[in-house]
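Listed below are the residues making up each chain.
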Amino acid sequence: MSIEKTIARYKEDFDLFDEPNDKLEYIFDLGKKHTTLPEEEKNEATFVQGCASAAWLVGECRDGKLILRGEGTSEMAKGMLTLLLDIFGERTPDEILNFNPENLQDMGIVELLSPVRQQSLQAFLTMVYGYAQKCKEQGA
């Protein structure tokens, strides 16, 4: 499934909710599927600088795809990481680099995030695109 189709699937889910708080609750529920990272992977290099709460993101090139794993400490960070890892995980570098992150607006939730949480989203995207660029340069 393409990035765009994954976003469309989430948009359908979010469209089921009339109230903004219900959409945010859905994000919190996504966080219940959240995985954790081994302690040795939580370091300065993987720390998401600019995230409102502590979060880490690991990216590896494997078989021509970028494999992402992450961990957040707050309920919102866990939920957003779960959502974003689903959208961007296991994609080719070109798929990520050719995707306009403004299209995330199509889901109808970005505008519900506080300015601080929007900065967190931007910090996450910066790391994802950095990992994708590195993966592309390695030709992995």
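All of the points below concern the structure found in this document. (Residues numbered from 1 in each chain as written. Predicted model: local features only at pLDDT ≥ 70, side-chain atom pairs only at ≥ 80, totals over all residues. Heavy atoms only, no water.)

## A closer look at the state of the cysteines
Right, so step 1: This structure, assessed with the given rule, holds one disulfide.
Right, so step 2: What pairs with C61 in a disulfide is C135, and their sulfur atoms sit 2.2 Å apart. You can see C61 sitting in strand β1 (residues 55-62) and its partner C135 sitting in helix α5 (residues 115-138), a full 74 residues away along the chain. (Disulfide = S-S within 2.5 Å. Helix = DSSP H or I, 4+ residues; strand = E, 2+ residues; numbered from the N terminus.)

## Here we look at the pairing of strand β2 (residues 65-72)
Right, so step 1: Burial analysis of β2 places six of its eight residues in the buried class, which makes it a mostly covered element.
Right, so step 2: Relative to β2, β1 is paired through eight bridges, and the arrangement is antiparallel. Following the sheet pairing, G59 is matched in β2 by L68. (Buried < 20%, exposed > 50% of the residue type's maximum accessible area, 1.4 Å probe, protein only. Pairing = 2+ DSSP bridges.)

## Quick word on helix α1 (residues 3-15)
Right, so step 1: The terminal C-alpha atoms of α1 lie 18 Å apart, and with 13 residues this matches the ideal 18 Å at 1.5 Å per residue to within 8%.
Right, so step 2: For α1, the full list of buried residues reads I3, T6, I7, Y10 and F14. Down the axis of α1, the sector holding all buried residues measures 95°, keeping them to one side. Exposed residues lying more than 90 degrees from the buried face of α1 are K5 and E12.
Right, so step 3: On its buried side, α1 packs onto α2 (20-30), α3 (75-88) and α4 (93-97). (Expected span 1.5 Å × (residues − 1). Arc of directions from axis to C-beta. Contact = heavy atoms within 4.5 Å.)

## Quick look at the packing of α3 against α5
Right, so step 1: Between α3 and α5, the least distance of the axes is 12 Å, while the angle of their chain directions is 35°. Along this stretch, α3 crosses α5, giving a crossing that reads as right-handed. Along the contact surface, α3 presents M76, M80, L81, L84, L85 and F88, while α5 presents R117, L121, F124, L125, V128 and Y129.
Right, so step 2: Along the lines of polarity and charge, the residues of the contact of α3 with α5 split into eleven nonpolar, no polar and one charged. (Axes fitted to C-alpha atoms, helices over the stretch in contact; angles between N-to-C directions. Left-handed = near helix turned anticlockwise from the far one by under 90°. Nonpolar A, V, L, I, M, F, W, Y, C, P; charged D, E, K, R; others polar.)

## With respect to the side chain of S53
Right, so step 1: Tracing the sequence through the fold places S53 in the loop between α2 and β1.
Right, so step 2: Judged by relative accessible area, which is 13%, S53 ranks as buried.
Right, so step 3: A polar contact is formed between the side chain of S53 and the side chain of S74, at a distance of 3.1 Å.
Right, so step 4: When residues no more than four places from it in sequence are discounted, the contact partners of S53 are T73, S74, A77 and R117. (Polar contact = N/O pair within 3.5 Å; in protein donor to acceptor, adjacent residues only side chain to side chain.)

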